[in-house]
Amino acid sequence: MTAGGPDTDTDTGTGTGTGSDRAAPAAAPAVAPRSGPAAPGRWTPARTATALLLPGLVALLLTYAMPLVWVARMAFNEPLPGGAIRQTLTLGTFTDVLGDAHYWRVIWRTVELGTLVTVFTLLLSYPLALFLARTTSRWRGLLVALAVTPLLISSVARTFGWMAILGSQGVVNKTLMSVGLIDTPLQLANNMTGVVIASTEIYMPFAILVMISGFGRLDPELERAAASLGAGRLAVLRRVVLPLTLPGVLTAGLLVFVLSLSGYVTPRLIGGGRVFVLATEIYDEAITALNWPVAAVLSMLLLVLFGLVVVVYTRLQRLVERRVLGEGGTAS
């Protein structure tokens, strides 16, 4: 150090000064303390969600899961003469049912009934649902209520009404005979025709409700835009309206198909004991023949059929989203 000169050991920002002259290091950023486990008596969002879901889960366990397990277990038992049941684990009942041509005809008739009812229900419900979804009338609420009013009447009562309408001395036959169109009554009841007609009317309110809720993508501006570009009404319907409403139609078709597969009252009453479907066959095996293992096997087959229907619906829904509506969900 020279007299009167600056201290060469003083920190200049690049040199190394003494420990007391060095600049203090930058302070580390503050880190929020981790929250510890919740207090024993504290209600967290997870606990609240669990408490809200618990009653529903218990109800599903008692009313769905446990009976389903019981039916599945019953399917592996062995039926004995006189309605007795041997507790065992065997596939003999499955092989007997699957090897019987009668049960295959019942399964085919069930699928046939579900397909016909679904097709006719969608064809008749689609125009009504499309009108109710697009109308801007102040009476829209009343019209929707009128469309679903049949749900307020029991399906049993409506089925009896269709028996009076479709019978040999019913309204349809008497009207046709009075105007001279037919000489003998048409066979509209006690066969598949009557079951399809009655089931179609019974399930139409369900289809209309599902379609109305599924037509959310339908925007009138898109229709007006297509018309302004020179598209006719049929072209707008085919290229705009149908693709945008197809997801709702598929959902309604799934609901109607599942309901028609499991329907019992209408096939039993309108069919007059001549239309055999899985629901009526399960009832006959369990109540009339007291053959609970066979009834359980048929119930499991019906459940498998439901699963296949859901798989097909899921594939079709994905196909619609990708190819018809596009990846982004807009009309292609």
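The following refers to the structure shown. (Residues numbered from 1 in each chain as written. Predicted model: local features only at pLDDT ≥ 70, side-chain atom pairs only at ≥ 80, totals over all residues. Heavy atoms only, no water.)

With that settled, the discussion passes to the packing of helix H4 (residues 140-148) against helix H7 (residues 192-214). Interaxial distance between H4 and H7 falls to 8 Å at its minimum, and their mutual angle equals 140°. Across the interface between the two elements, Arg140, Val144, Ala147 and Val148 of H4 pack against Pro205, Ile208, Leu209 and Ile212 of H7. A per-class count over the contact of H4 with H7 returns 7 nonpolar, no polar and 1 charged. (Axes fitted to C-alpha atoms, helices over the stretch in contact; angles between N-to-C directions. Helix = DSSP H or I, 4+ residues; strand = E, 2+ residues; numbered from the N terminus. Contact = heavy atoms within 4.5 Å. Nonpolar A, V, L, I, M, F, W, Y, C, P; charged D, E, K, R; others polar.)

Looking now at the nonpolar core. The biggest cluster of nonpolar side chains holds 38 residues, and the ones touching the most others in it are Leu113, Tyr126, Met211 and Phe215. At the level of secondary structure, the elements contributing two or more residues to this core comprise helix H3 (101-134), H4, helix H5 (155-166), H7 and helix H9 (233-261). Looking at this core, the element that brings in the most residues is H7, giving 11 residues. Non-local contacts of Met211, meaning those with residues more than four positions away in its chain, are made with Leu122, Ser125, Tyr126, Ala129, Gly248, Val249 and Ala252. Ranked by size, the runner-up nonpolar core spans 27 residues in total, among them Met74, Ala286, Val294 and Val309. (Core = buried A, V, L, I, M, F, W, Y, C linked by side-chain atoms within 4.5 Å. Buried < 20%, exposed > 50% of the residue type's maximum accessible area, 1.4 Å probe, protein only.)

Relative to the assigned elements, Ser260 resides in helix H9. Discounting residues that sit within four places of it in the chain, Ser260 has contacts with Leu113, Gly114, Val117, Thr118 and Tyr203.

Let us look at a nonpolar patch on the surface. On the surface, Leu53, Leu57, Leu60, Tyr64 and Leu303 cluster together to form a nonpolar patch covering roughly 510 Å² of accessible area. Mapped onto the elements of the fold, Leu303 is located in helix H12 (residues 292-324). A relative accessible area of 32% places Leu303 in the partly exposed class. (Patch = residues over 30% accessible without salt bridge, like charges linked within 9 Å, V, L, I, M, F, W, Y side chains within 5 Å. Areas by Shrake-Rupley, 256 points an atom, 1.4 Å probe, with all protein chains shown as cover. Salt bridge = Lys/Arg side-chain N within 4 Å of Asp/Glu carboxyl O.)

This part is about the packing of helix H8 (residues 220-228) against H9. Geometry of a packed helix pair, given as the angle between the helix axes and the separation of the axes. Running from amino to carboxyl end, H8 crosses H9 at an angle of 160°, the nearest separation of the two axes being 10 Å. Relative to H9, the element H8 is oriented roughly antiparallel. You can see that H8 and H9 cross each other, and the crossing is right-handed. Residues Leu222, Glu223, Ala226 and Ala227 of H8 form the contact with H9, whose participating residues are Val236, Val240, Val241 and Leu244. (Parallel < 35°, antiparallel > 145°, perpendicular 65-115°, else oblique. Left-handed = near helix turned anticlockwise from the far one by under 90°.)

With that out of the way, let us pick up the environment of Ala198. For Ala198, the location among the structural elements is in helix H7. Along the sequence, Ala198 and Pro267 sit 69 residues apart, while their C-alpha atoms lie 9.1 Å from each other. Setting aside residues up to four positions removed in sequence, Ala198 forms contacts with Trp162, Thr266 and Ile270.

Turning to the packing of aromatic side chains, a few remarks are in order. Counted by the stated rule, this structure contains 4 aromatic pairs. Seen in terms of ring centroids, Tyr126 and Phe215 are 5.9 Å apart; in terms of plane orientation they differ by 70°. Their pairing is edge-to-face. Of the two residues, Tyr126 is situated in helix H3 and Phe215 in the loop between H7 and H8; the sequence distance between them amounts to 89 residues. Owing to a relative accessible area of 13%, Tyr126 belongs among the buried residues under this scheme. With relative accessibility at 5%, the residue Phe215 sits in the buried group. Seen from their ring centres, Tyr264 and Tyr283 are 5.1 Å apart, and the 40° between their planes marks the pair as tilted. Of the two residues, Tyr264 sits in the loop between H9 and helix H10 (265-271) while Tyr283 sits in helix H11 (residues 278-288), which places them 19 residues apart along the sequence. (Phe/Tyr/Trp six-rings, centres within 6.5 Å; stacked < 30°, edge-to-face > 60°.)

Everything listed here is a matter of geometry and, on its own, says nothing about what the molecule does.
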